[in-house]
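As a plain string of letters, each chain reads:
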Amino acid sequence: SGALQRFIYTSSYVTVGRRRGHTASEADIISDRGLTPYVRSRVQAEELVLRYARERNLPAIAMCVSTTYGSGDWGRTPHGAIIAGAVFGKLPFVMAGIELEAVGIDDAARAMILAAEHGRVGERYLISEKMISNAEVARIAAEAAGVAPPAKTIPLAVSYALATAGTVKATLKRTDERLSLGSLRLMRAEGPLDHGKAVRELGWYPRPVEESIAEAARFWVGLRAARSQTKQQAQTAQD
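Not measured: the values here are computed from a predicted model.

**With respect to the overall build of the protein**
Inference 1: Looking only at helices and strands, one finds 8 helices and 8 strands in the protein.
Inference 2: Summed over its atoms, the accessible surface of the protein is roughly 13,000 Å², and 54% of this surface lies on carbon and sulfur atoms.

**Let's talk about the pairing of strand β5 (residues 99-104)**
Inference 1: Buried residues dominate β5, accounting for 5 of its 6 residues.
Inference 2: Bridge analysis of β5 against strand β7 (residues 130-133) gives 4 bridges, and the strand direction is antiparallel. Following the sheet pairing, E101 is matched in β7 by M131.

**Observations concerning the sheet that holds strand β1 (residues 7-12)**
Inference 1: The strand order across the open sheet formed by 3 strands is β1-β2-β6, and the pairing between neighbours is parallel. Whereas interior strands pair on both sides, the edge strands pair on one side only; in this sheet they are β1 and β6 (124-127). Averaged over all adjacent pairs, the angle separating strand axes in this sheet is 25°, with direction ignored.
Inference 2: Here helix α1 (residues 37-55) sits on the sheet and contacts β1, β2 (60-65) and β6; the angle it forms with β1, its principal contact strand, is near 155°.
Inference 3: In the packing of helix α3 (residues 105-118) onto the sheet, contacts are made with β1, β2 and β6, and the angle to β2 comes to roughly 160°.

**A closer look at the pattern of salt bridges**
Inference 1: Within the structure shown, the criterion is met by 12 salt bridges.
Inference 2: R139 is paired through a salt bridge with E143; the nearest N and O atoms lie 3.2 Å apart. Here R139 pairs with E143, and both are found in helix α4 (residues 134-145), just 4 residues apart, close to one helical turn.
Inference 3: For R139, a relative accessible area of 33% translates into the label partly exposed.
Inference 4: A salt bridge links E211 to R207, with the shortest nitrogen-to-oxygen separation between them at 3.3 Å.
Inference 5: Assessed through its relative accessible area of 37%, E211 is described here as partly exposed.
Inference 6: Take R207: its relative accessible area is 26%, and that puts it in the partly exposed class.
Inference 7: What emerges from the salt-bridge pattern is a single network uniting D107, R110, R207, E211 and E215.

Rules used throughout
- Residues numbered from 1 in each chain as written.
- Predicted model: local features only at pLDDT ≥ 70, side-chain atom pairs only at ≥ 80, totals over all residues.
- Heavy atoms only, no water.
- Helix = DSSP H or I, 4+ residues; strand = E, 2+ residues; numbered from the N terminus.
- Areas by Shrake-Rupley, 256 points an atom, 1.4 Å probe, with all protein chains shown as cover.
- Buried < 20%, exposed > 50% of the residue type's maximum accessible area, 1.4 Å probe, protein only.
- Pairing = 2+ DSSP bridges.
- Axes fitted to C-alpha atoms, helices over the stretch in contact; angles between N-to-C directions.
- Contact = heavy atoms within 4.5 Å.
- Salt bridge = Lys/Arg side-chain N within 4 Å of Asp/Glu carboxyl O.

Next comes the structure, spelled out in structure tokens:
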């Protein structure tokens, strides 16, 4: 039959209600107060998909994926840039008190396949392995690359000052700054996630995310080596 069997929607864990000191599950509803434009857009998109599942028989499943790490991050996502910065020695500092739920990119992809095979239509699944700090991500990446980790850590108070500056800039220039009071509060509101539903219903067992962080670091090391070799070959050809 040519009928659509499953529609696997890549959502985000930011659509789940989280707060410090509480382990969140798919049942936790996010409050509409103080959402950043990004989070609001993700919440609205997920609600639209699941409404179509309820009202129009779309065989949709929402996968609430957390921060992903792994090799092949060519675009240097904001979180992936921490790894690249640590590997290349261009990460002068890390921010204290910042922890994010994270998962390996390969494990997230495998969860999508499992959802297509075993997921329940109209449901959402949290896809995250564990919470990890930015400082730990940088340390693991540096260790995998054989370089020293960032030596400086910015206190939380300084992070708030930088976020305030970002908010002012965004207001004046009408831009969407990466670091603002809204985004910092979102990071500070991080609480642990329970991915037990994905384990029980999908048979999803993620690897420790530390392995994926190390793989991402080795990806950048390999890319740097390849670029260096290409540059040397070009120089030799010119000579």
